[in-house]
Structure formats: C-alpha cells, structure tokens
Amino acid sequence: MKTLYDKIWDAHIVHEETGKPALLYVDLHLIHEVTTPQAFAGLRLANRKVRRPDLTFATLDHAIPTIDRNLPFNDKIAEKQVEALRKNCEEFGIKLFDLDRIEQGIIHVFGPEQGLVQPGQTIVCGDSHTSTHGAFGALAFGIGTSEVEHVFATQTLPQSRSKNMLIKVEGELPFGVTAKDVILAIINEIGTDGATGYVIEYAGAVFENLSMEGRMTVCNMSIEAGARAGLIAPDEKTFEYLKDKPFVPKGKNWEKAVEYWQTLKTDDDAKFDKVVEIEAETLAPFVTWGTSPGMSVKVSENVPDLTDAKNETERKSFERAFEYMALNPAQKVEEIEIDRAFIGSCTNSRIEDLREAAKVIKGYKINEKVSAMIVPGSMQIKKQAEEEGLAQIFVDAGFEWRDAGCSMCLAMNEDILQSGERCASTSNRNFEGRQGRGGRTHLVSPSMAAAAAIAGHFVDVRNWKFND
Amino acid sequence: MNNFIKHKGLVVPLYRANIDTDQIIPKQFLKSIERTGFGQFLFYDWRFDENGVEKTDFVLNQPRYKNASILLTGKNFGCGSSREHAPWSLEDFGFRVVIASAFADIFYNNCLKVGILPVVLDEEVIAESVRKAETVEDYQLTIDLENCKIFDEHGFETAFSIDDFRRYCLLNGLDDIGLTLQYETEIADFENTRPGWKNFARGT
Ligand code: SF4
C-alpha cells in the first residue's frame, strides 16, 4: 500500500543498494540564469555534456528588468549573467525561452503553462520554489548548483527517501479566504520547519475544489514549511488544464498518459508518518507580521504580544521581528499602514490571481501615499490580462503594469523597497531585507494586497465593497 | 570537492533560529557567474551598515571571533532559497563546520557538496556550547568525522550522526558525478525501457 509520493519515487529508481541513497531519474530539468553559470562551468572543466538537453528547459526571470527590458540593461552585471545563460544554452543545445518570447516568464509559471510539467514526473530546478509543480501530482523539488551540474551530466540525482506527511483540509473555504490564506495558515500551524524531512500530500475537499492556480499557490509555499516537496493527486481538473498545452502528449499518447495519470493517487490504506487536519471553516485572510512566513495572524486580529511566545527563544525572535518590522506587540493588524504593494511572484501572479485582484480594485484608485505594481508571471498571462480588460482596471487605479519576471519578490533587479518602506506583498518570503535592505514585507493574498493598496492600510477583504 | 576528516577550530556563536539564506548572502551578490569570492558578502546586511562600514557589535566582527571556523547557530539554519552561494560564502569566509539543532534540507545537501560539515546536535547541547563560546576566551571545538565525535578541551564530548554514505563521500572528497557515471548502463537502460510518451518533452 503506497502513498502517491512512494509511487512516483519507485517509478524513478535507476539504481538502489542498501546504505546508499537511491539514484533517481529526472524527467524534467528547469533552469534559469542565477543558479546555473557555475554548473555549466563545472561541466566544461570536466569536459562533460548535458546528457538530455531535450529534457532541459530554460527561461530568464530572476535578474531581468520588468520595464524596457529589451533595451541594454542598466545593471551590467545582471546583463552579463543573462548573456551567460544564452551562451550556455546555445553551446549545450538547450531550449531557451528568451525575453522576446511570449512564453517567457517566472520559471515556475512558465513550466506548467507550457505543459512541460505533468503528473507522475520527477522535476528539479535550482530554485526552492520548484515545489510549485507538485500541484500536478509531480515530485518536484529545489536543488543547489552542484546538483544542477549532476543532473546536467547524468539526468539523475542521488536522493534519500523522505517521510510522508498528510495535510487534510476538509470543508468549504469561507468567502474571501484564498489558497494563499490556506497555506499561510498551514505554515502558521506546523511551523517553518514543521515539515523538514517530509514530503507533504495535501488532500481533502478544499484542495479538490481549488483551481490548478490555487493548487500551485499552495504547493509553492510547501518549502516555507521546510518540506522537500508538496503534492496534490492529479484529477480531471489537472487533465483539463493540461490538455492541448504545447508540450503535452497528443492523440493516442494523450490517452495513454491520462490512463497512467489516473493511477497516481495514494492507496486507501497507505500509512503516513504524520497527519495534520485543519477545518476550512476556521480559516480567514492571513497577514504575516514578522520576518518568517510562520509569523502570521488573521487580518481581524492583533499581532501577538510578547507573552504569547512559547519560550525564551521564541520571545527573542518576536522582539527582533517587532524591531525590524517597526511594530508594537499586540498592535491591531488593520491599523498597519503600507507604503507599497506588490502583486506578483511564482506564488500569486497567474491569471486567476490577477482576476481576484481586479475584482477588488475595480472602480477604485490606489491610496495617494501608496505606490503599487502588478507583475504578471509570464508574458502570456500579461497578454491574457490585457485581453480580459484586467490591465485597464489596474492602470486606471494607478498600478504600474509590468513585464513578466520575479521582480520585487526577491528584488534582484531595480524593483526594490527602500529602507523602512512597508509593503503588502503576494510573494512568499518576508525575511529581513528580502525585498530590499531595511524593507518590511507583509505576505498576503492578491485580494488582500489590492485592498491594502486602495485603503492605505490592511483591511479585511471579507468586508470589502465591491463595484461590480 | 574538499575532503573533511577532522577539524579543530575557534567557535563563534550566532544563536538565532531560522537564519535564512537571504541573510547568509543577500541577493545582490548572486549575479556573479564565478564560484569563488563570496566570503566578503557573508551576512552582509548584518556585518555592514548602509555605508559599507563594519558594525562593531555584530558577533562576527568582534576581534575575539576573527578567524572562527565553526559556526554555532539556531534551529532551521539555511532555510529559504536554494542558493548554493550560501555555503560558498561560508566556506570562502573560512568556515568548515556549522552546528545547529536542525538544518533546512537543501542547504544541508549543498554544504556537503561544498565540503562544509553540517553537524546536528540537541538544542540543550548547543545552548551550553553557546554559553561556553561566549564566556571562554578562544573556545575551540574539535570535530572528528571518522569517529563522529565532537569535543572540547574542557571535558565536553558527544557523538553526532550523519548518513554513512555522505560521511564516506566527505571523508574521501568524492565527486559524486563521477560515482553516478559508474551506473551509466543502468541510466541508459532506464531510458530505453520507458514508454515513448514518457520521454515526453516533445508534445507529440
Ligand atoms: S518569483 Fe520569487 S520565489 Fe518565485 S522563482 Fe522568482 S524569486 Fe524565486
């Protein structure tokens, strides 16, 4: 009796012997400009080739500007890194979706959109948010640059098996509560190292009812709970999403594929090493207040008091976080004023996220003290949002409407917070300095970020007056 | 890869939980396409102020901890981004060992590739070592990977565990690409026996 994780694992063992990690085959290797140059250099040094360039796909996302990006970059070092990826892809025969392509986007948005990501695969990328692709029932995880080089050279990776964790959320999500809030609540519950050593399978009515976009949002942040990967069993919705995508099997092969994909679910009596259950009805929109994704509260609540800390270590980290975030213990969340809003990142930059934001924004203008930007996850999403009229709603309200990229999720390009600025952000990390040195990040859902941009402070989107 | 057998060195305590890779090396330094030279940027925002001047109160800048090669830290060290630049910068700065009660998964693997030894010890043991590193001048620990032991000169000794195979690779400084390529035939067999549609990436 096997879990979904066990099934995918077993189907990819190339070599196994006791006392050693198993050698797993890698079906898809996604790459970007930041974590690969040293791996290519290593190959060259050892006179090795990329074993399966046809299973390796590249795009540019982390360091690129999101405006005027087809002009020479202002940042010459970033430009050099981008140039290096172009040269490496050419030399090693890898397909690159460059800045002039409609497919270009954040690597974890691009992969599913092109149908490269499919159920039952093993997928790696030199990027921790590779966990996103678990939404399709694929075993997907982030690796370091040495491992990238290993996959280049061998199309395999030595891996030790993780433990199985089941996270079950049954019931129906209350109005205004999104996939982002579900995963923030989970991390709050189990802690940022709560799933270290585990692969999480998300199951229950809530995940079944989520769209593929919502499932990706959830799996994306599995890494923020320390998990090796997150998984959701594929179903009709998954197949529907994938059908006719460019890199998905066609015709007879499609039928064979679906037949196999339908077997990819945990057996009824399979055992999990750990089970966590949450009731959907207890959830609400969440806002992080601190410098770790687990430091979050419901928008209607106050940030914690120092006396809420479970022990001395936690009290110290609360104090440090309050100081960095310039907040007072027990302060009301809805009174926290923001300077910036960022809607984007591989967590929340897909078409559904933009639709959700547009619903809130429609007919409003952003607060005069706030500057805000929306950065679509791919150029294809950008185009779709323009066709659906969402972009006009954003621009009319005063949002900047950018080209696809990671942008202020990690602020490696010019999209960056100034020291002391406070941002409502739909990204995934609120670490110190993540969006710019001294910048203060609060993680929220797209509708919560949109509402905060308009109100100038956090508001409970459950009470929002929609203009529809 | 560097091998690691035994190491004795000065211990610096940076005792906070959840230190993420954005703190270990901030993103603006990830644009380099080289593998070396990252040590100068280690813990950049904590070591330097806005004008690039060293902050004297930060523990790594205190004269007594200069030349430390063992980092003693809080749980979930290395969480966040997969950037291998984090262990590269630790190694380039002079660290050979990091001790914590728990490490983030990807960071742990990356350390082993770089030849840094991540040692997992109980929280109470760490808290006690932190106290010693703060109070005893020139506090040193010895880490013996062959025997999986860690000890000081004041009577403290404890065992730690590490996966046998990883230990073996580290002791011998083995390049695991070379090891994997021994299974070349098995890799090819695996590829050749799959149904065609699983060699998917063609959209046909
Ligand atoms: S959007 Fe952010 S989290 Fe996602 S890949 Fe880019 S930098 Fe990483």
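Residues numbered from 1 in each chain as written. Chains lettered and ligands numbered in written order. Predicted model: local features only at pLDDT ≥ 70, side-chain atom pairs only at ≥ 80, totals over all residues. Heavy atoms only, no water.

S.K.: Tell me about the nonpolar core, and name the residues and values.
M.R.: Counting 209 residues, the largest nonpolar core has B:Phe43, B:Phe77 and B:Leu90 as its most contacted members. With 8 residues, the single largest contributor to this core is helix H6 (residues 179–190) of chain A. Discounting chain neighbours no more than four positions away, the residues touching B:Phe43 are B:Leu14, B:Ile19, B:Gln23, B:Ile24, B:Phe58, B:Leu60, B:Leu71, B:Phe77 and B:Leu90. With 8 residues, the next largest nonpolar core counts A:Met373, A:Val375, A:Ala411 and A:Cys423 among its residues. (Core = buried A, V, L, I, M, F, W, Y, C linked by side-chain atoms within 4.5 Å. Buried < 20%, exposed > 50% of the residue type's maximum accessible area, 1.4 Å probe, protein only. Helix = DSSP H or I, 4+ residues; strand = E, 2+ residues; numbered from the N terminus. Contact = heavy atoms within 4.5 Å.)

S.K.: Before we move on, can you summarise the packing of helix H3 (residues 85–93) of chain B against helix H4 (residues 105–114) of chain B with the specific residues and values?
M.R.: Residues and elements named next belong to chain B. Between H3 and H4, the least distance of the axes is 9 Å, while the angle of their chain directions is 45°. One element, H3, and the other, H4, form an angle in the oblique class. In the packing of H3 onto H4, the handedness of the crossing is right-handed. In this structure, H3 contributes Ala86, Pro87, Trp88, Leu90 and Glu91 to the contact, and H4 contributes Phe107, Asn110, Cys111 and Val114. The residue makeup of the contact of H3 with H4, split by class, is 7 nonpolar, 1 polar and 1 charged. (Axes fitted to C-alpha atoms, helices over the stretch in contact; angles between N-to-C directions. Parallel < 35°, antiparallel > 145°, perpendicular 65-115°, else oblique. Left-handed = near helix turned anticlockwise from the far one by under 90°. Nonpolar A, V, L, I, M, F, W, Y, C, P; charged D, E, K, R; others polar.)

S.K.: Break down the confidence of the model for chain B for me, with residues and values.
M.R.: Of all residues in chain B, 97% have pLDDT values of 70 or greater, and the mean over the chain is 94. The ipTM value of the predicted complex is 0.93, and its pTM value is 0.96. (pLDDT = per-residue confidence, 0-100.)

S.K.: Any details on the pattern of salt bridges? Residues and values, ideally.
M.R.: Residues and elements named next belong to chain A. In this structure the tally under the stated criterion is 45 salt bridges over all chains. Taking the shortest distance from any N to any O, the salt bridge between aspartate 267 and lysine 7 comes out at 3.0 Å. A residue pair is termed long-range when its members are at least 10 positions apart, and aspartate 267 in the loop between helix H10 (251–261) and strand S12 (274–279) and lysine 7 in helix H1 (residues 4–10) qualify at 260 residues. Lysine 383 is the partner of glutamate 387 in a salt bridge, and the nearest nitrogen-oxygen pair spans 3.5 Å. Of the two residues, glutamate 387 and lysine 383 are both situated in helix H13 (residues 379–387); the distance of 4 residues between them amounts to about one turn of the helix. With a relative accessible area of 44%, lysine 383 lands in the partly exposed category. (Salt bridge = Lys/Arg side-chain N within 4 Å of Asp/Glu carboxyl O.)

S.K.: Please give an account of the pairing of strand S3 (residues 97–100) of chain B that cites residues and values.
M.R.: Residues and elements named next belong to chain B. Alternating positions in S3 separate into two faces, Val97 and Ile99 on one and Val98 and Ala100 on the other, with burial throughout. Examined bridge by bridge, strand S2 (residues 70–73) and S3 share 3 bridges and lie parallel to one another. From the neighbouring strand, leucine 72 faces S3, where its bridge partner is isoleucine 99. The β-α-β motif built from S2, the intervening H3 and the parallel element S3 has right-handed crossover chirality. Here 4 bridges tie S3 to strand S4 (residues 117–120), and the two strands are oriented parallel to one another. Following the sheet pairing, valine 97 is matched in S4 by leucine 117. Remark: the S3/H4/S4 crossover connection has right-handed handedness. (Pairing = 2+ DSSP bridges. Right-handed = clockwise from strand over helix to strand, strands pointing away.)

S.K.: Let's hear about the packing of aromatic side chains: which residues, and what values?
M.R.: Summed over the entire model, instances satisfying the criterion amount to 31 aromatic pairs over all chains. Plain terms: the ring middles of B:Phe103 and B:Tyr108 are 5.8 Å apart, the flat faces sit at 55° to each other, and that makes the pair tilted. When sorted by exposure, B:Phe103 lands in the same class as B:Tyr108, which is buried. Geometry around A:Tyr241 places A:Lys245 over its ring, the cationic atom sitting 4.2 Å from the centre. Stacked on the ring of B:Trp46, the Lys or Arg B:Arg16 has its end atom at 4.2 Å from the ring centre. (Phe/Tyr/Trp six-rings, centres within 6.5 Å; stacked < 30°, edge-to-face > 60°. Lys NZ or Arg CZ within 6 Å of the ring centre and 35° of its normal.)

S.K.: Would you mind going over the packing of helix H12 (residues 351–361) of chain A against H13(A) in detail, with residue names and values included?
M.R.: Residue and element names in this part refer to chain A. Close contact between H12 and H13 brings their axes to 10 Å; oriented N to C, the two are set at 35°. For the pair H12 and H13, the crossing hand works out as right-handed. Taking contact as the criterion, the partners of Ile351, Leu354 and Arg355 in H12 are, on H13, Ile381, Gln384 and Ala385.

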